[in-house]
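Survey of secondary and tertiary structure
Chain by chain, the residues:
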Amino acid sequence: MKHYLQWGLDAGEGKYSITNLSPDGKRQFYEVIMGQYGQPLIVAEPDRAFPCPTNLAYVNAKGETAVPDEKIAGIICSDGKRFSLTNAEKKGIKIEVNADGSIQIDNEVWWIVTLFQKDRNRIINYDAYLSPVQPEKVKILELADLSQLLCS
């Protein structure tokens, strides 16, 4: 593996990855991996992302039932707080998924309103938009869905 500052490049045998390793050896912020056709894929928070709660109702942009197929890598709260999971850990912010599907951030309880996927073909893992009020259904949206939603 070759290193430059905090980044490490591992290449060979027809594959590659670029990682940002923390002092404890966890892959943090982003990792670039080789996709099926050799294209770069960005994995957000490869070692810190956590699974989406399974007991919530999820829908896509069309309102159809959906199942999240990625993990949560970033948090955006309705009160303006936002952070990556690496930054949250570095700042000592404790994040837990409660049994009811809510997300505990330090002493506050939040609910997922939207799981936002920046680009299904290039970036893996969601940013979660949270509110203190539980929605009936959690929307899973991709950047490409925004024009459809804004024009309807």
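Note: the structure precedes this text.
Okay, so let's go over this structure. (Residues numbered from 1 in each chain as written. Predicted model: local features only at pLDDT ≥ 70, side-chain atom pairs only at ≥ 80, totals over all residues. Heavy atoms only, no water.)

**Observations regarding the overall build of the protein chain**
What the protein chain contains, in helices and strands, is two helices and 15 strands. With the principal axes as the frame, the protein chain shows a C-alpha extent of 50 × 35 × 25 Å. Within the protein chain, the proportion of its 152 residues that are buried is 39%. Roughly 9200 Å² of accessible area belongs to the protein chain as shown, and the carbon and sulfur atoms make up 54% of that amount. The averaged location of the 20 negative side-chain charges in the protein chain is 3 Å from the averaged location of its 17 positive side-chain charges. (Helix = DSSP H or I, 4+ residues; strand = E, 2+ residues; numbered from the N terminus. Buried < 20%, exposed > 50% of the residue type's maximum accessible area, 1.4 Å probe, protein only. Areas by Shrake-Rupley, 256 points an atom, 1.4 Å probe, with all protein chains shown as cover. Lys, Arg positive; Asp, Glu negative; His and termini not counted. Charge placed at Lys NZ, Arg CZ, Asp CG, Glu CD.)

**Topic: the nonpolar core**
Judged by nonpolar contacts, the single largest core of 22 residues is most densely connected at I72, I75, I105, I112, L115 and L130. For this core, the element with the most residues is strand β12 (residues 108–117), which contributes four residues. (Core = buried A, V, L, I, M, F, W, Y, C linked by side-chain atoms within 4.5 Å.)

**Details of the sheet that holds strand β2 (residues 7–12)**
Strand order in the open sheet made by the six strands is β1-β2-β3-β4-β5-β13, with mixed pairing throughout. Among the strands making up the open sheet, the edge pair consists of β1 (2–4) and β13 (123–124). By the bridge criterion, three bridges tie β1 to β2 in an arrangement that is antiparallel. Of the residues in β2, the one forming a bridge with K2 is L9. (Pairing = 2+ DSSP bridges.)

**A look at the side chain of R48**
In this structure, R48 sits in the loop between β5 (40–44) and β6 (50–51). On the basis of relative accessibility, which here comes to 12%, the residue R48 falls in the buried class. In this structure, R48 is in contact with S22, D24, K26, R27, Q28, L85, T86 and E89, ignoring residues within four places of it in sequence. (Contact = heavy atoms within 4.5 Å.)

**Side note on the pairing of strand β3 (residues 15–21)**
Two elements, β2 and β3, share six bridges in a ladder whose sense is antiparallel. Paired with W7 across the two strands is N20, which belongs to β3. Two strands pair when backbone bridges link them, and β3 and strand β4 (residues 27–34) are joined in this way by four bridges, in the antiparallel orientation. Counted as the bridge partner of I18 is V32 from β4. Between the antiparallel neighbours β3 and β4 lie five residues, among them G25 with a positive phi of about 90°.

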